[in-house]
Structure formats: C-alpha cells, structure tokens
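# Fold and contact review
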Amino acid sequence: MLELSPSDEAPVALGMPAAHETATETASARLSPATLEAMTQWPVYQWTQAEKAAQFNPLVAQLTRWHYQACPAYRQLYDAFVGAPIATASEAEATNAHIATSAAMLDESTHVASTSAASTTTASTSIDSTSSPARFALPVRLFKLHALQSVPDSEVVKTMLSSGTGGAQSRIVLDKTTAALQTKILSRIVTDLIGKDRLPMLVLDCPATVKDRLKFSARTAGVLGFSMYGRQLCYAFHDDMSLNDQAIAEFIERFGQGPVLLFGFTYIVWLHLVLALEQRGQRLALPHGILIHGGGWKKLEHAAVSKDEFKQRLASVTGIRRVHNYYGMVEQTGTIFMECSEGHLHCPVWADIRVRDVLSQQLLSIGETGLLELTSLLPQSYPGHVLLTEDVGRVLGVDDCPCGRHGVYFAVDGRIAHAEVRGCSDSYSR
Ligand SMILES: [Zn+2]
C-alpha cells in the first residue's frame, strides 16, 4: 500500500486542518476556455523540455489551485500533506491576467527560470527534479477508494471505470470540457503517428466489448477511442474471442495491399491473435499494417514476453512491422505515451513524467528506477492531474531520442507488486 507523499520542502501536518475559509473566494481558478483552446494547439513533441516547462508548469499550478478550490476532499489532502493551505482568491484573479507571474509563486517555474538562466544546456538535458506543492501527487489508488470530483453532479456527462484488475475500480467523472479535451488531445497524438487520413481498421477485440455499455471499461474506452481514427471497422474476434476467420479474410482481401490500422490490448493481441495463429499454423498478410496496442498484460503477467519477442512473433504470423505500444491510464485518459520507432515511450507536450524512489519517494534522475508520477493538463472535472502510479519505470533521456521527438522519454518495467522479482527476471517487461 502506498502512502501519500509529503512535499520534500514543506513540513507535514498530521491530522486534518480546520475547515478552509471559502466565503471570500470570488474568482474561479478554473482554466479559461481560451487557455484550453490555445493548449490544444501546442505542437505534440517539438518543444524541448525547457520550452515546454515554461508553458506547462504554470498551468499545472493553476490546475492544482482550481482543484483545491473546487474539491473539498482534495483540499483536505493537500492541506494535510503539503502542510499549508493555498491562498486561492487573489492569486486566482492574478493568474487569469498574468498566468506565468502568479504561478511562479507556488511552482517550479521559478526553478526552471533560474536554472535555464544559469545554464540552458543543463535545463534542456536534465529532468526537473524539484519538488513543489504545485505537483502535489495523489496516489492513483485513491480513485478506487473515493469519488473525487471538482464539478457538481449536474455537470457530469460521463463516468469512466478502470479495468479493475485488483477488484476495486477507479471511478472518474468527466464534464463536457474534460471529455472534449480527452478526445482532442488523443486525436493530436494519434494523428501525429499515423497521419490525418482514416485508415481501414481491424479491431483486435470482439463486438461485445463496445456493445455492452453497462460494462464501460478501459477496454471499451480504448476500442471506441481508437475507432475514431479508422474506417470500415472490422472486429477480428467473435464474442467468445475466437478468430473470426471469415471477417479477417474479407478485410485482408479488400484492404491488405495498403496501409491499415490495427488496435488492441496487449494481452489480447498476444493471446488471441499471435498465440492463436501460431497454434493453428496460420499466417495473415498485413505487410502495411500499423498496430497500436496498450493496456499491459493485466492478469497474464506470468505469460508476458519481452517487447522484442512480442514484435518478432507478431511479425512472423501477420507481417506487421510497425508496432507502437502506448502507456496510459484511465485516470488520465487522452494523454497517452506513445512508443516511437526506437521503442521508447514519449511524453506528449500535455503530459509529464517523473520518477520517485519507491520507499523515500524522492525524485530520481535519468536512468534510476522507481515509481512513475504522471502529470496531465487534461483533468478539469476531477483532481487527477498529478498522480503517483503503482508502475515502476525509468526516464531514459530528455530531448535527445534518435527518433527526433523532444521532451522526456522513458520505459515502464512493471508494477510495484512485482518489484521484488525485478532483479531475477525481466520476463514481464512490456
Ligand atoms: Zn523516440
């Protein structure tokens, strides 16, 4: 069980603080529609980490202020663990006029500014290792235990549930603004990879996954979300997850000569496509296929194979050579981390990743393995913009991936529950 991480800078106040005074709050810290619209236009990977920080950090700080103001449970946690309340009203007004200036009052943009003034080389080739209350991280597990929201029920348009491998499911509420942002940003990330033209799409799942809206899961969300980038959708499996040979044959007959998009969850692609084809000694001809897969191995971690083995065996039964894993979580839908041609996961401009020591929760440097802390600018309706995950990984580098993308790139090594076997086995790497 994880514990909340106190700020490295502030003393920890134990026990709950007195009720926060809200009567004098007149201005909302909520990000304005104009700010959000401008944000959706940012280049996906072009900015260096330092260029990005100048835009990104002030908005993180403002989101923290907004959720502090709008979500009483978040406010209680913040006060208890950061050790001091945020002054909201006057800063919020100032922020709307002078975002960068007011945000510097409580976040790392001050550090970034001073660091880059001293040495731009250092700033652009290292990760931000400063702890600040603006990135007060909630353990992702908290969303499985509590309903946390920053908008009234009347503004909730959709509720998302995590896939719930450990029993309890996260419950994430979306308002119109957050739902629209998720769709827009996911689209920017995916079209950056596959282009703007919709490709014929083979969905590596069964029709029942999207038909049963009562069981709206991460799988449903993934299939529905990625289906927007395809046309002439074809489901590769029957509802019992056996291969739909006739549908697949017809799809390949019509579209197999050109580029096609395939999407599925990692363990499903492996189990129901790769292993099923291998067992039957069957091969598909999809030499121009582009596979996007994500979601990890779930309960099948014992059966997981390395990234390279996955790609090699997939290629030998389907001919597919362009394979992109992505990492992301339902609690931060939209800002996914896509794998590049070098096999590295990349932060899009709307998200950031940092690594913390499993025990001390200190921020770690490039190459050091620890818990992944994810920051996303998309969550407006719930305080999930900074989350400490239970996934273990490491930052591989900043601004210098051979693929040409800027920003942080990283690897995910597994889940914390398996951290103890990391030394003797890499068989569950994603
Ligand atoms: Zn790359």
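Here is what the cut-offs are and how they apply
Residues numbered from 1 in each chain as written. Predicted model: local features only at pLDDT ≥ 70, side-chain atom pairs only at ≥ 80, totals over all residues. Helix = DSSP H or I, 4+ residues; strand = E, 2+ residues; numbered from the N terminus. Buried ≥ 20, exposed ≤ 12 C-beta atoms within 10 Å, placed from the backbone. Axes fitted to C-alpha atoms, helices over the stretch in contact; angles between N-to-C directions. Parallel < 35°, antiparallel > 145°, perpendicular 65-115°, else oblique. Left-handed = near helix turned anticlockwise from the far one by under 90°. Contact = placed C-beta atoms within 7 Å. pLDDT = per-residue confidence, 0-100. Pairing = 2+ DSSP bridges. Right-handed = clockwise from strand over helix to strand, strands pointing away. Expected span 1.5 Å × (residues − 1). Arc of directions from axis to C-beta. Core = buried A, V, L, I, M, F, W, Y, C linked by C-beta atoms within 7 Å.

Attention shifts here to the overall build of the protein chain. Counting its secondary structure elements, the protein chain contains 14 helices and 14 strands. Burial analysis of the protein chain (430 residues in total) assigns 43% to the buried set.

Here the focus is the packing of helix α13 (residues 266-280) against helix α14 (residues 307-318). Closest axis-to-axis distance for the α13/α14 pair is 9 Å, and the angle between their directions is 55 degrees. Classified by the angle their axes make, α13 and α14 are oblique. The handedness of the crossing between α13 and α14 comes out as left-handed. Mapping the contact onto sequence places W270, V274, L277 and E278 in α13 and F310, R313, L314 and V317 in α14.

Let us now look at the confidence of the model for the protein chain. On average, the protein chain scores 82 in pLDDT, and the residues at 70 or more come to 78%. Note on residues 1-26: pLDDT is under 50 here. Beyond four places in sequence and across chains, it has 42 contacts. Note on residues 418-430: pLDDT is under 50 here. Beyond four places in sequence and across chains, it has 20 contacts.

For the rest of this paragraph, the subject is the pairing of strand β6 (residues 260-265). Within β6, 6 of the 6 residues are buried, which leaves the element mostly enclosed by the surrounding structure. Side-chain alternation along β6 places V260, L262 and G264 on one buried face and L261, F263 and F265 on a second face that is also buried. Here 3 bridges tie strand β4 (residues 199-203) to β6, and the two strands are oriented parallel to one another. When the bridges of β6 are listed, M201 appears paired with L261. In this sheet, strand β7 (residues 289-294) lies alongside β6 in parallel orientation, the contact comprising 6 bridges. Across the sheet, F263 pairs through a bridge with I292, a residue of β7. Once the chain exits β6 it traverses α13 before rejoining the sheet at β7, and the crossover so formed is right-handed.

Further remarks concern the pairing of strand β13 (residues 386-398). For strand β1 (residues 138-139) and β13, the ladder comprises 2 bridges, and the chain directions are parallel. Residue pairing for β13: L138 is matched across the bridge by L387. Strand direction decides the pairing type here: strand β12 (residues 370-376) and β13, joined by 5 bridges, are antiparallel. In the strand pairing of β13, L374 is matched with L387. As paired strands, β13 and strand β14 (residues 408-415) are joined by 7 bridges and run antiparallel to one another.

This part covers helix α9 (residues 176-194). Taking 1.5 Å of rise per residue, 19 residues should cover 27 Å, and α9 covers 27 Å from first to last C-alpha, within 8% of that figure. All buried positions along α9 are accounted for by T178, L181, Q182, I185, L186, I189 and V190. What you see down the axis of α9 is that its buried residues fit within an arc of 145 degrees, all on one side. Residues of α9 that are buried make contact with α1 (33-40), β3 (171-175), α11 (218-227) and β9 (337-339).

Our next topic: the nonpolar core. By size, the foremost hydrophobic cluster in this structure holds 103 residues, and its most contacted members are L204, L262 and F263. Sorting elements by how many residues they give to this core places helix α2 (residues 49-70) first, with 10 residues. Among all residues touching F263, those that are not within four sequence positions of it are M201, V203, L204, V223, F226 and I292.

A few words on unusual backbone geometry. Of note in the backbone geometry, M241 takes a positive phi value of approximately 70 degrees without being a glycine. Its identity is not glycine, yet D399 carries a phi of approximately 65 degrees, on the positive side. With respect to the helices, strands and loops of the structure, D399 is situated in the loop between β13 and β14.

Attention shifts here to the environment of H385. Here H385 shows up in the loop between β12 and β13. As for H385 and A137, which are separated by 248 residues in sequence, their C-alpha atoms are 8.2 Å apart. Apart from residues no more than four positions distant in its own chain, H385 is found in contact with V60, L63, T375, S376, L377 and P379.

This brings us to the environment of Q46. Position of Q46 relative to the elements: it lies in the loop between α1 and α2. You can call Q46 partly exposed: it has 13 C-beta atoms within 10 Å. Sequence spacing of Q46 and G404 is 358 residues, and the spatial spacing of their C-alpha atoms is 8.6 Å.

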